[in-house]
Each structure stands twice: as C-alpha cells, then as structure tokens.
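# Structure assessment
What follows is each chain in one-letter form.
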Amino acid sequence: MSTQAAPEDATSATTRYEGSVRDEALRAQARTGRTFTLRINRGEHGDSAGRWESYDVELAAGMVVLDAVLFVQAKHAPDLAVRWNCKAAKCGSCAAEVNGRPRLLCKTRLEDFNLAEPVLVQPMQTFVRIKDLVTDVSWNYRVNEKIIPFRARTDRPWKFYQRDVEKAQEMRQCIECFLCQDVCHVLRYSGEEKPAFFGPRFFVRAAGLDFHPMDAEDRVGQLRGEGGIGLCNITKCCTEVCPANIHITDDAIIPEKERAVDAFDDPFRGIFRRNGAPKP
Amino acid sequence: MSVALEYHPFESDVIVVGAGGAGLRAAIEAAASGASVTIICKSLLGKAHTIMAEGGMAAAIGAVDSRDNWQVHFRDTMSGGKYLNNWRMAELHAKEAPAEIESLERWGAVFDRNDQGGVMQRIFGGHTYRRLVQVGDRTGLELIRTLQDKAVASKLTVFMEHTVTKILLRDGRVCGIAGYEREWGRFRVWKAPAVIVASGGIGRIYSVTSNSWEGTADGQAIALEAGAELMDMEFVQFHPTGMVWPQSVRGVLVTEAVRAEGGILTNAQGERFMERYDPKRLELSTRDVVARSIHTEVAEGRGSPHGGAFLSIAHKPAEFIKKKLPSMHDQFMEFAKVDITKEPMEVYPTTHYVMGGIRVDAETAATNVPGLYAAGEASAGLHGANRLGGNSLSDLVVFGRRAGFAAAQYALAQAPAPDPEPAQIISAEKEMLEPFALEDGENPFTVQEDLQKMMMEYVGVFRTEAQLLEARAKLQSLQERASRTRAAGSRLYNAMWHAALDVRNMVRIAGTIIESALLRKESRGAHSRVDYPDTSQELQKVNSVTRRLDGTLTVRYVERPALPAELATVLEAKDAGVPA
Ligand SMILES: Cc1cc2nc3c(=O)[nH]c(=O)nc-3n(C[C@H](O)[C@H](O)[C@H](O)COP(=O)(O)OP(=O)(O)OC[C@H]3O[C@@H](n4cnc5c(N)ncnc54)[C@H](O)[C@@H]3O)c2cc1C
Ligand code: SF4
Ligand code: SF4
Ligand code: FES
C-alpha cells in the first residue's frame, strides 16, 4: 500500500492553525514538500511477525514519528492502532520501536533520520501485540500490584528537606512507558510467560518508595525474592532508553542490590531496620 | 431473566468514569467509605490528562508565606473567576485543599521541600501569596502516581481502555452505564446505583489545544443526554502560553511556572507589553488578561516570527532554569531546538480548560439526576468565569473526595440497582455500532478536523454575535456530518470507530458552548465579546444553564444564590497584599 499525500495536508489534524504561520521559509518548505517513506509493522492479535506496510508521508517542520503515524491514520489507514495521549513525552503511552530502537514516538524527531531510507516503526517486541503498534502491557500492571505500598512513619515529625528527597524524586519521574521493560534481555526473550522478575521499571518504583525519608517499609527482601533483582546483570540497556533520564542502573538497581546484600548478610542491620532506624 | 443478563453486567456500588485526579480521588474515598468501586477509563491507568499538569496545586498552607490562609485563597479564586463562581464551592475548596495536600503526602507524594523542612510553594498568576505546592514542573505526574498507587492498594476494580457511551436510567434514577472495550470492541454493561462522572475536559473540540486526545467531552455529552444540566459552557480558558513552533507541537503548553519563576513577555519591538495591559501584575496577571494581550499584540502586527510573543527566562542562571523548569527545558530542546537558558520561547494562546461543565451541588457533587455525580474538570462552578492556575489540581482532590463520599453514602443507602431496561441496552448497543452500518459515511477524522478549525475560528479568544451565529449555522452541517461518520475494518482496537463515536459527543458539546456564548451579552473572564466589551453587573447574578429536553437544547439563565454576609466580609477585606 502506498499513498501520496497532498502537499496542503502535510500537517496533522490537531496541530494545524490557519493563518498563523508567518515564516515564509516554513511555508516554502511545506509547498515544495519533501516526502519520505514510513514503514509500519501491522498485524492483529498475537501476530508477532506482522506485515510491513509502506506509506508516503509529507515532511513538515519539526515533525515527530507520532505525527507521521497519526497522519497515516487520519488520511490513509483510519483503523491503524497506536496509543498516545500527551504528545509531549509526559504520559509514556506512545512507546514503540523506531528502526529497531525502543523510543517514544512523540519524542523522536524525523529530522534526525536519514530520510532517503524508509523509517521503520514496529510495536514493542517484549509484549504481545493487540493490534498494529498497540501491545498488551497488562503484565506490568500486575507486577505493580505486588509492590509493598508506601506506609508513612509515625515515629518522628513530618519534617525533611530537599536534599532528603532528591533520590526519591528522581525515581518518581518515571512516566511508565515500559521501554526499559521492552529492552531488558531478561524479559525480552521470555515469550508470553514472564519470569519471576519485576523488571527495571519496578526496581525504580520500589527504590522510589525505599528512598522516601518517611517510608516505614523495606522492599529489599521482596526485590531479592519474587522481584528477581539478582537476574539483572547490569547491562545498563534500560538506562540508555529511559526517556525520563532516570539512572536506572546506577541510582536504583545497584543501590538496591547492595542494600539487598547488606540487609541479608548483616543481622544487626535487620534488627535496626525493624526498630525503625533511618534507612541508608 | 432480562436481556441485561446476557451481557453479564459487572456490579458494584459506585462506578467512577475517569481515572484522572478527580476520578481516582473519588474512587479512593468511596472505597474508604465501604462501597465497592469500579473505575473505568479510556486510556491505560495512569495516563489521564492530569499527568500533563505542570505548575502546581494551590493550597493555602502558608508553608512559605505565613500570611496566607483560606480567606485570601477564597478571595483570589472569586476575583479570578470574576465573581461568577459558586461561592460555596470556592469556600470549601479554599478550606479543604490544605488537608488534601497532607493526605497526599501521607500516601507517599514527594513534593518539593522548603528550607524549614516543609513543602515548597510557588507564586502563580492571580494568587496573592506563594501558594502552589509543586514538584518542579511535573506536579500532575506526582498527583496521578500517588493516587494510582493508593487506588491500587485500595483494591478497586479497574477497567482500563474502556469507553463509556451511555448512562443507564430506570425510573429517572441511575442504574448503570454502557460502553465498549477498546481492545476487542466488545459491548459492555456495568450496574451500579451511583455513577461519578470525572471524565475531564473538552479541549479537543478546538484545533489548537494543550489537551490530550481524551478531551472529547464524553462525560459532559453523556450526562446531558441522561438529563443532567450543564452550566457556564461559554467559559473556555485559553492559556496564554502554548508553543507556536514547530507546527507539530503547536498548542503544547508552556507552563505558567515559566512566568512564575520570572519569565518576561515581549513583542517584536522588544517592548514588555504587559506594562500596558496590567501594569501592576504584569506577566502574572490572570490568564484571560494575558491571553487577550498576546492575541492583541499579534493581531496588531507586533508578533514574533511565527505569530506569537516572546517569552524569556534566559536572564536567570542556567542551573536555576534546569532545576525549576526541567521539562520545559527538555521540551524546547527536543521539539524546537531552542535552548531556553539562552534564547526566548515563542508563545501564543492555546485552548486549555473549560470552566463550565456538569452542574453540581457544592457539598455532595450531586447532579439533578438521582445517583449521578460529577467532579473535576467535567463539573462546573468552582472557577466561575476564569480559573486560576493551580486551582484545578486542588479542585480534583477536594471535590473528588466529596463526590466519592456522597456517592458511596447514597449507594449504600439504596437497594441494589435495578436491572437496566432491555430497550435501553439494545439502543445503547445499536448506537455504538452505528458507524459500522454507515458504509458510505464520512471519515470521522475529517469531520473532527473541520469542527476543530471552525470552533477555533468562530468561538475563540474573542467573540461577536455575527461570528457566533455563523458558528451555529456551520455546526448544524457538522452535526449532520458527524452523525453519518463511518467505521471500516474490525472492532479490534479500531481508531476510526472510536473517532466516529467521539465526534458525535464533540459536536453536541460544541453546540452548548456556542449557545451559551450567544446568550451572555457581556465580557467577563474568559468570555470576551467584542460587541459587548463591558462587564454587566446584572449578568453577574446569573449562570447559563443548558439542558436537553426531548432532543432539543435549551439554554437559560438561572439566578445565583446570594453571597452570605460573612463571606461578603471576607471578599471586602483589604489585607490582600501585593504578590510576594
Ligand atoms: C498541559 C496542562 C497543564 C496543566 N497544568 C496545571 C497545573 O499546573 N495546575 C492545575 O491546577 N491544573 C493544570 N492543568 C489542568 C488540569 O490538569 C486538568 O484540569 C485536570 O487534570 C483534569 O483532571 P480530571 O480528573 O478532571 O480529568 P482528566 O485527568 O482529564 O481525566 C479524565 C479521565 O476520564 C477518562 N474518560 C474520558 N472520557 C471517558 C469515557 N467516555 N469513558 C471512560 N473514561 C473516560 C479518561 O480516560 C481519563 O482517565 C493543566 C492542564 C494541561 C492540559
Ligand atoms: S541493567 Fe538489569 S534491568 Fe537493566 S536492562 Fe540490563 S539486565 Fe535489565
Ligand atoms: S523507568 Fe524510564 S524507561 Fe522505564 S518505564 Fe519509567 S520512564 Fe520508561
Ligand atoms: S504521547 Fe505521551 S509520551 Fe508520547
């Protein structure tokens, strides 16, 4: 399937604003219209191989891959399935793989690619396809439910400072795009039956709670047990793809692994923890 | 027994439509009150529009400026809303927001801290003191994640990626809802005596908007259809600063925090034009004023290269900017290749928020339909003619909590919901599948785009009678077209089908905006009529109320209750200082 876009329709439906673009250069660019080929891997439920469809898309200034996908949806393939919400890298809905690399579609600028070659978009490979670019990420929600919830300490006043929350705040920047889960080899090659391994996203979540100065729980035992943190061999692939720039390995996984060792190898630490001594 | 059983309706005491801040807070409270609770949301859990909120959450805690208290917050909210607010809501909101912040902290929220070991608070337009609790510029994410975690721990039932299309009634009372599963396209029925609509806003009716795709006015439309009243629909907030360039991000929000942290607006001639429009508050004037000012500068030929105004924060140290406005820094770097620590941004108003919505009782968030409640952006009243920045997030939790509590009390006092009438279920399913039957119908994306452009052009920042009448005429044909949009392909995660159903809601609510805007012959807050530039004392006494009776829309004015003497005294008090 290959379709030619009319130059006037080059921008996506929701972002067009008549009479406001004053930049002549921009207009000229829109008129001359550089097209490129977007190849989307499409398919229905459970079809992991899918089929590649090609679409010609007119390039507009500042266009991101999500714009191109939505353009195809609005003009050529209206039943094309893709998740998105914010179009501003804030909600983590539009995770997919562009030229084989896990990325947010709304944060991936087309100008950064060699557009003489087609741009390839496929769904996250770690999760089962629902349709086209949409995958079944419900496994992540089930893992999330297992994590020991926050419980506020009552043994000291609610008083702490910015320096005490920096690490927790870094963890709490996570937008739950699941790109780190997608790239992690422990999950990626595991098929539909996922191993006993929470995955980087949930190490980050557990660490965010553990780093909270007023949290009364400790999740180290959980991470070491059902969380399977021991299966992580610190390849740092998760950190590389994280759009929220969380240092997943250095700031969450390694500290939790080290604490896991401490908490289990040093009996006194365990006792202190139970008595409510401050966490490291 | 009845047809309903064929659909295996899922039963609970309270259904919450929407998992934004309002829906989650309502669900948590309803569950804490002993009700069984079901949450239904269009997207995945944790992706609701609330996640995009940046600047902060207003609460008169006085953690940074001890002069702040509920009275000042109440006064600021009323004055920002041009006194059209439901005063009781404004009072409850100002009084209860601080306790909500405390609850959130006890549930694990990590707000920025001040030097005394308490929460940091920042100044925002229209707020007298430093009042916004924040997490850099990702406050909405913190709110959503905290409430999501709390909701998960509260053992609720969540149906994510399900869309509600109808509220089911029996003998004039709510008995459940109908909708569909986005993944498989299956029709679904849920039974409950109480339903809380917390479905968010309507921004997607306009072409330039900061809203996510979910803002298609579903909740307002289905409530209207079920007999609920809408109020103040003429008041749509255009946020003064949306991105203008590149085109692909046009409308994306530039948070007010940029101005709060010292950002300065200038025109093409380098003039700090806010000195002419509001010399006292300058960039931190209320949103309606700043939006009109930028619009006027551009219209009179003093715009930036891409048709906006310049907003600069580059006079502040780069480290300060990266710390205080990290996601703005990234957003401009990534999308516009602009380094805001060195260069100015270009900004122009973008459709942001609707002050109007479902008409509710201040104490209970109940609508006029027994068993139906509404909270958050989907409801009306708190913000009057113009919302202050930061007052929405606090609105969500204050009235989300009240709605959850009241709905649970009501549901638990009620006998189990009766089965929905089979005829209603059959017609709900038929309406839902209609786009598949209209083989030669139109592409819904085209109709959506035409509606968005029309609303932007004729029902935007400035309005006139002639334009609004034109909008009314154009809407008629758009309504026709919307009702004939089609879907192709299977029911499996079918964007075309979803869009066809969404656009049917969008045209309905566009109609309520146009009709209410025609009725209000004055300029007040976000509603600027070029042909009636003055604010009318008379019209301060009334709200516009929209209803659908036998298929036709009626808009009328309803007298507002008089302000009680003690609140009148609060409004008149003179200790309101100059922004700190
Ligand atoms: C970019 C941006 C920044 C903002 N910044 C701030 C700020 O700093 N401070 C502030 O106070 N306010 C801010 N606001 C406003 C504020 O974020 C919103 O008003 C608020 O989040 C709305 O919350 P809500 O809970 O009412 O609805 P939403 O968060 O919009 O959630 C609506 C929910 O309803 C669901 N839903 C909708 N229709 C259906 C249906 N038919 N069936 C099932 N589910 C449905 C959706 O899936 C979603 O879960 C900002 C808004 C934007 C756009
Ligand atoms: S560092 Fe660990 S968690 Fe991250 S991708 Fe590698 S193995 Fe997976
Ligand atoms: S940790 Fe980063 S990559 Fe992983 S889900 Fe969160 S934001 Fe996405
Ligand atoms: S659409 Fe929200 S992150 Fe891309």
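Residues numbered from 1 in each chain as written. Chains lettered and ligands numbered in written order. Predicted model: local features only at pLDDT ≥ 70, side-chain atom pairs only at ≥ 80, totals over all residues.

## What about the overall build of chain A?
Selection rule: The way it works is that DSSP assigns letters per residue, a run of H or I at least four long becomes a helix, a run of E at least two long becomes a strand, and they are numbered from the N terminus. Counting other C-beta atoms within 10 Å of a residue's own tells you its class, since 20 or more makes it buried, 12 or fewer makes it exposed, and anything in between is partly exposed; those C-beta atoms are placed from the backbone. Throughout, a pair of residues is in contact if the C-beta atoms placed from their backbones lie within 7 Å.
The helix and strand inventory of chain A stands at 11 helices and 7 strands. Here chain A holds 280 residues, and the buried ones make up 49% of them. For chain A, the share of sequence-separated contacts (at least 6 apart) that also reach a separation of at least 24 residues comes to 67%.

## Some points on the site of ligand 1
Residue and element names in this part refer to chain B. Applied cut-off: We call a residue near a molecule or strand when the C-beta position, derived from backbone atoms, sits within 6 Å of it. When residues are grouped by polarity, Ala, Val, Leu, Ile, Met, Phe, Trp, Tyr, Cys and Pro land in nonpolar, Asp, Glu, Lys and Arg in charged, and all others, Gly among them, in polar.
Neighbouring residues of ligand 1: 45 residues in total, closest Gly18, Gly20, His49, Gly200 and Gly376. Counting only elements with at least two residues in the shell around ligand 1, the list comes to helix H1 (21-32), strand E3 (37-41), helix H4 (139-153), strand E8 (162-170), helix H5 (218-225), strand E16 (345-354) and helix H11 (391-413). If one sorts the elements of the shell around ligand 1 by residue count, H11 sits on top with 4 residues. Taken together, the residues of the shell around ligand 1 break down into 16 nonpolar, 24 polar and 5 charged.

## Digging into the domain arrangement of chain B
Residues and elements named next belong to chain B. Operational definition: Domain start and end points were adopted from an automatic or database domain assignment.
The assigned domain composition of chain B is domain 1 (238-351) and domain 2 (430-559). Put simply, the middle of domain 1 and the middle of domain 2, counted by C-alpha atoms, are 29 Å apart. Each partner contributes residues to the interface: domain 1 has 6 residues there, and domain 2 has 4 residues. No other element matches helix H8 (residues 287-299), which puts 4 residues into the side of domain 1 that touches domain 2. Among the residues making up the side of domain 1 that touches domain 2, the classes are represented as 3 nonpolar, 1 polar and 2 charged.

## Remarks on the packing of H1(B) against H4(B)
All names here are of chain B. Basically, it comes down to this: Convention adopted: a line fitted to C-alpha atoms gives each axis, helices being fitted over their contacting stretch, and angles between N-to-C directions are expressed from 0 to 180 degrees. Roughly parallel covers angles under 35 degrees, roughly antiparallel covers those over 145, roughly perpendicular covers 65 to 115, and oblique covers all other angles. Helix crossings get a hand from a simple test, with the near helix turned counterclockwise from the far one by less than a right angle marking a left-handed crossing and a clockwise turn marking a right-handed one.
At a minimum axis distance of 9 Å, the contact between H1 and H4 shows a crossing angle of 30°. The orientation of H1 with respect to H4, classified from their angle, is roughly parallel. The handedness of the crossing between H1 and H4 is left-handed. Seen from H1, the contacting residues are Gly21, Leu24, Arg25, Ala27 and Ile28; seen from H4, they are Leu143, Ile144, Leu147, Gln148, Lys150 and Ala151. Among the residues making up the contact of H1 with H4, the classes are represented as 7 nonpolar, 2 polar and 2 charged.

## Quick notes on the domain arrangement of chain A
All names here are of chain A. As far as domains go, chain A holds domain 1 (7-135) and domain 2 (138-274). On the domain 2 side, the residues contacting the 12 residues of domain 1 number 13 residues. Considered class by class, the residues forming the side of domain 1 that touches domain 2 number 7 nonpolar, 3 polar and 2 charged.

## A few points about the interface of chain B and chain A
Listed per partner, the contact involves 55 residues of chain B and 57 residues of chain A. Those elements giving two or more residues to the side of chain B that touches chain A turn out to be H4, helix H10 (326-336), helix H13 (444-458) and helix H15 (495-519) of chain B. Of the residues in the side of chain B that touches chain A, the class split is 24 nonpolar, 17 polar and 14 charged.

## Side note on the pairing of strand E4 (residues 101-104) of chain A
Residue and element names in this part refer to chain A. Spelled out, the test is: Strand pairing is assigned whenever DSSP identifies at least 2 bridges connecting the two strands.
Relative to E4, strand E3 (residues 95-98) runs antiparallel, the two sharing 4 bridges. What sits directly across from valine 98, in E4, is arginine 101. Connecting E3 to the next strand, E4, in antiparallel fashion are 2 residues, including asparagine 99 with a positive phi near 50°.

## Some words on the confidence of the model for chain B
Residue and element names in this part refer to chain B. For clarity, the threshold we go by: Per-residue confidence from the predictor is given as pLDDT, running between 0 and 100.
For chain B, per-residue confidence averages 93 on the pLDDT scale, and residues scoring 70 or more make up 97% of the total. Contacts from residues 1-6, a stretch scored under 50 in pLDDT, to residues over four places away or in other chains number 11 contacts. Per-residue pLDDT stays below 50 along residues 576-580; that stretch engages in 13 contacts with residues further than four places along the chain or on separate chains. Both scores are given for the predicted complex: the pTM is 0.92, the ipTM 0.90.

## Quick look at the site of ligand 3
Residues and elements named next belong to chain A. Among the 17 residues in the neighbourhood of ligand 3, the closest are listed as Cys174, Cys177, Cys180, Cys242 and Ala244. Going through the elements one at a time, helix H5 (179-183) and helix H7 (200-210) are the ones with two or more residues in the shell around ligand 3. Split into classes, the residues belonging to the shell around ligand 3 amount to 14 nonpolar, 1 polar and 2 charged.

## Description of the packing of H1(B) against H11(B)
Residue and element names in this part refer to chain B. Where H1 contacts H11, the axes come no closer than 7 Å and their chain directions differ by 35°. Considering only the axes of H1 and H11, their crossing is right-handed. Packed against H1, whose contacting residues are Gly21, Ala22, Arg25, Ala26, Ala27, Ile28, Glu29 and Ala30, the element H11 presents Leu393, Leu396, Val397, Phe399, Gly400, Arg401, Ala403, Gly404, Phe405, Ala407 and Ala408 at the interface. Looking at the contact of H1 with H11, its residues break down into 13 nonpolar, 3 polar and 3 charged.

## Let's talk about the sheet that holds strand E4 (residues 57-58) of chain B
Residue and element names in this part refer to chain B. Reading across the sheet, the 3 strands line up as E4-E6-E5 and stay open at both edges, with antiparallel pairing between neighbours. Of all strands in the sheet, those with a lone pairing partner are E4 and strand E5 (121-122), marking the two edges. The pairing of E4 with strand E6 (residues 132-133) spans 2 bridges and is antiparallel. Within the sheet, the bridge partner assigned to methionine 57 lies in E6 and is valine 133.

## Describing the nonpolar core
The tendency in soluble globular proteins is for nonpolar side chains to be buried as a group. Heads up, the condition is: Here, a nonpolar core denotes buried Ala, Val, Leu, Ile, Met, Phe, Trp, Tyr and Cys residues that are linked to one another through C-beta atoms within 7 Å.
In this structure, B:Val14, B:Ala27, B:Val195, B:Ile196, B:Tyr373 and B:Ala407 are the most contacted members of the largest nonpolar core, which totals 261 residues. For B:Ala407, the contacting residues outside a window of four places in its chain are B:Val14, B:Ala30, B:Ala194, B:Ile196 and B:Tyr373.

## Some remarks on the environment of A:Glu192
Along the chain, A:Glu192 falls in the loop between helix H6 (185-188) and H7. Separated by 65 residues in sequence, A:Glu192 and A:Phe127 place their C-alpha atoms 7.4 Å apart.

## Regarding H11(B)
Here is the rule: In this scheme, a helix's expected span is set at 1.5 Å multiplied by one less than its residue total.
End to end, H11(B) covers 33 Å across 23 residues, agreeing with the expected 33 Å (1.5 Å per residue, within 8%). With 19 of 23 residues buried, H11(B) lies mostly within the body of the structure.

## A look at the sheet that holds strand E12 (residues 230-231) of chain B
Residues and elements named next belong to chain B. The sheet built from 4 strands is open, its strands ordered E17-E12-E21-E22 with antiparallel pairing. Because the sheet does not close on itself, it has two edges, and the strands there are strand E17 (357-358) and strand E22 (552-559). Bridging between E12 and E17 involves 2 bridges; their strand directions are antiparallel. Among the inter-strand pairings, leucine 230 is bridged to a residue of E17, identified as isoleucine 358.

## Examining the pairing of strand E7 (residues 157-160) of chain B
Residues and elements named next belong to chain B. Residues Val158 and Met160 of E7 are buried on one face, while the alternating residues Thr157 and Phe159, pointing to the opposite face, are not. With 4 bridges joining them, E3 and E7 adopt parallel strand pairing. From the neighbouring strand, isoleucine 39 faces E7, where its bridge partner is valine 158.

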